[in-house]
Amino acid sequence: MTSSPTDPQPQDALLGPSDIRELAKALGVRPTKQRGQNFVIDANTVRRIIRTADVRPDDVVVEVGPGLGSLTLGLLETARHVTAVEIDDTLAAALPATVNARLPERAQNFALVHSDALRVTELPGPPPTALVANLPYNVAVPVLLHMLEHFPTIERTLVMVQSEVADRLAAAPGSKVYGVPSVKANWYAEVKRAGAIGRNVFWPAPNVDSGLVSLVRRDGPPATTATREQVFAVVDAAFAQRRKTLRAALSGWAGSAAAAEAALVAAGVSPQARGESLTVEEFAAIAEHTPAR
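Here we come to unusual backbone geometry. Following Trp203, the chain continues to Pro204 via a peptide bond in cis, the omega torsion being -10 degrees. The topology assignment puts Pro204 in the loop between strand E8 (202-203) and strand E9 (210-217).

With that settled, the discussion passes to the nonpolar core. Counting 57 residues, the largest nonpolar core has Leu135, Leu215, Val231, Leu250 and Phe283 as the members making the most contacts within it. Other than its neighbours up to four places away in sequence, Leu135 contacts Val64, Ala140, Val143, Leu144, Val159, Met160 and Val161. In terms of nonpolar packing, the next biggest core, distinct from the first, is built from 39 residues, Leu14, Val29, Tyr137 and Ile197 among them.

For the structure shown, the criterion picks out twelve salt bridges. Between Asp59 and Arg156 there is a salt bridge whose closest N-O contact spans 2.7 Å. One end of the pair, Asp59, is in the loop between helix H2 (43-52) and strand E2 (60-64); the other, Arg156, is in strand E6 (residues 156-162), and 97 residues separate them in sequence. Of the two residues, Asp59 and Arg156, neither departs from the other in class, the shared state being buried. Its salt-bridge partner being Arg247, residue Glu261 comes within 2.5 Å of it at the nearest N-O pair.

Position of Ser251 relative to the elements: it lies in helix H10 (residues 251-254). Judged by its relative accessible area of 24%, Ser251 falls in the partly exposed class. For the pair Ser251 and Thr121, spaced 130 residues apart in sequence, the C-alpha separation works out to 34 Å. The contact partners of Ser251, leaving out residues within four places of it in the chain, are Ser256, Ala257 and Ala260. Side-chain polar atoms of Ser251 contact the backbone oxygen of Ala248, separated by 2.8 Å.

Counting through the fold element by element, Asp89 comes out in helix H4 (residues 89-102). Under the relative-accessibility criterion, Asp89 is labelled exposed at 54%.

The next subject is the packing of helix H7 (residues 180-188) against helix H8 (residues 228-240). Between H7 and H8, the shortest axis-to-axis distance is 10 Å and the interhelical angle comes to 160 degrees. Classified by the interaxial angle, the pair formed by H7 and H8 is roughly antiparallel. Considering only the axes of H7 and H8, their crossing is right-handed. Contacts between H7 and H8 involve Val180, Val183, Lys184, Trp187 and Tyr188 from the first element and Arg228, Val231, Phe232, Val235, Asp236 and Phe239 from the second. When its residues are assigned to classes, the contact of H7 with H8 shows eight nonpolar, no polar and three charged.

Bringing the sheet that holds strand E5 (residues 130-134) into the picture now. The mixed open sheet is built from seven strands, whose spatial order is E4-E3-E2-E5-E6-E9-E7. Each having just a single partner strand, strand E4 (110-114) and strand E7 (189-197) make up the two edges of the open sheet. The average angle at which neighbouring strand axes cross in this sheet is 20 degrees, direction not considered. Helix-sheet contacts for helix H5 (residues 140-150) involve E2, E5, E6 and E9, and the interaxial angle to E6 is about 170 degrees. With respect to the sheet, H7 is in contact with E7 and E9, its orientation differing from that of E7 by roughly 120 degrees.

Summed over the entire model, instances satisfying the criterion amount to five aromatic pairs. Judged by centre distance (5.9 Å) and plane angle (75 degrees), the rings of Trp187 and Phe232 are edge-to-face. In this pair, Trp187 sits in helix H7 while Phe232 sits in helix H8, placing the two residues 45 residues apart along the sequence. In this structure an aromatic cluster arises from ring pairing among Tyr178, Phe239 and Phe283.

Our next topic: the packing of H5 against H7. Their axes nearest at 10 Å, the elements H5 and H7 cross at an angle of 20 degrees. By the criterion of interaxial angle, the relationship of H5 to H7 is roughly parallel. Helix-helix and strand crossings are classified by hand; for H5 and H7 the assignment is left-handed. Within the contact between the two elements, H5 uses Val141, Leu145, Leu148 and Glu149 and H7 uses Pro181, Lys184, Ala185 and Tyr188.

Reading guide: rules and limits
- Residues numbered from 1 in each chain as written.
- Predicted model: local features only at pLDDT ≥ 70, side-chain atom pairs only at ≥ 80, totals over all residues.
- Heavy atoms only, no water.
- Helix = DSSP H or I, 4+ residues; strand = E, 2+ residues; numbered from the N terminus.
- Core = buried A, V, L, I, M, F, W, Y, C linked by side-chain atoms within 4.5 Å.
- Buried < 20%, exposed > 50% of the residue type's maximum accessible area, 1.4 Å probe, protein only.
- Contact = heavy atoms within 4.5 Å.
- Salt bridge = Lys/Arg side-chain N within 4 Å of Asp/Glu carboxyl O.
- Polar contact = N/O pair within 3.5 Å; in protein donor to acceptor, adjacent residues only side chain to side chain.
- Axes fitted to C-alpha atoms, helices over the stretch in contact; angles between N-to-C directions.
- Parallel < 35°, antiparallel > 145°, perpendicular 65-115°, else oblique.
- Left-handed = near helix turned anticlockwise from the far one by under 90°.
- Nonpolar A, V, L, I, M, F, W, Y, C, P; charged D, E, K, R; others polar.
- Pairing = 2+ DSSP bridges.
- Phe/Tyr/Trp six-rings, centres within 6.5 Å; stacked < 30°, edge-to-face > 60°.

The following block contains the structure:
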């Protein structure tokens, strides 16, 4: 008899500090800054993340960067299915054994993809409904945007990222930290900060604070005749020289300052405005006047 996601699970299924260190020692794993490896060692933090992510018994969750499996085990206790994407050879090889050892009755609901998340365009099993991840800080934004682009069935996302990155992702127009990540994330979803995470729940403890970001996918992108690529090209150009007016910042994109002004006026946006003041809908309106090449 197999267990359902709602069956009670052993209290010791999740990994604690000693479990993490013993696993790492057995595998000869030394966390590397290059891959942003900071393993969560606090089971209560794992449970908090899963509650905040609103993981449900019928969810199919994709996790990026599972590491030694702290969050993976918590997700498996709750969700219908979990697919973990891991780039590290040693960690990818070890994770299925950890799942089998600590949650054997749920092992059939787990899949591992040994790959760089930025190269993953399809996943085994049912389409994912949720993304929950402690993202490596050095690639957090590219990975998040890649997953949202390639897996449109992901309805809800909760990622743990560096606190400053969380601020940028959730920033609103007019904020000093509003920029490319803010606009692009907002293209896909409603974005908000969902809490802070202390340094002492990680091993090794990072030198930065962490934050949770919640993203709930929109019913669709903003209504526009422009493509996502066209909109993102405008966003990139606007923030490449964020201190300049849009007339100047978009001159390269448009071919000239005069052409940029014409596109802005046609979109109902002041040529003297700056990118940090525009909504994603306004960027889309400008992109509708993308110059012919």
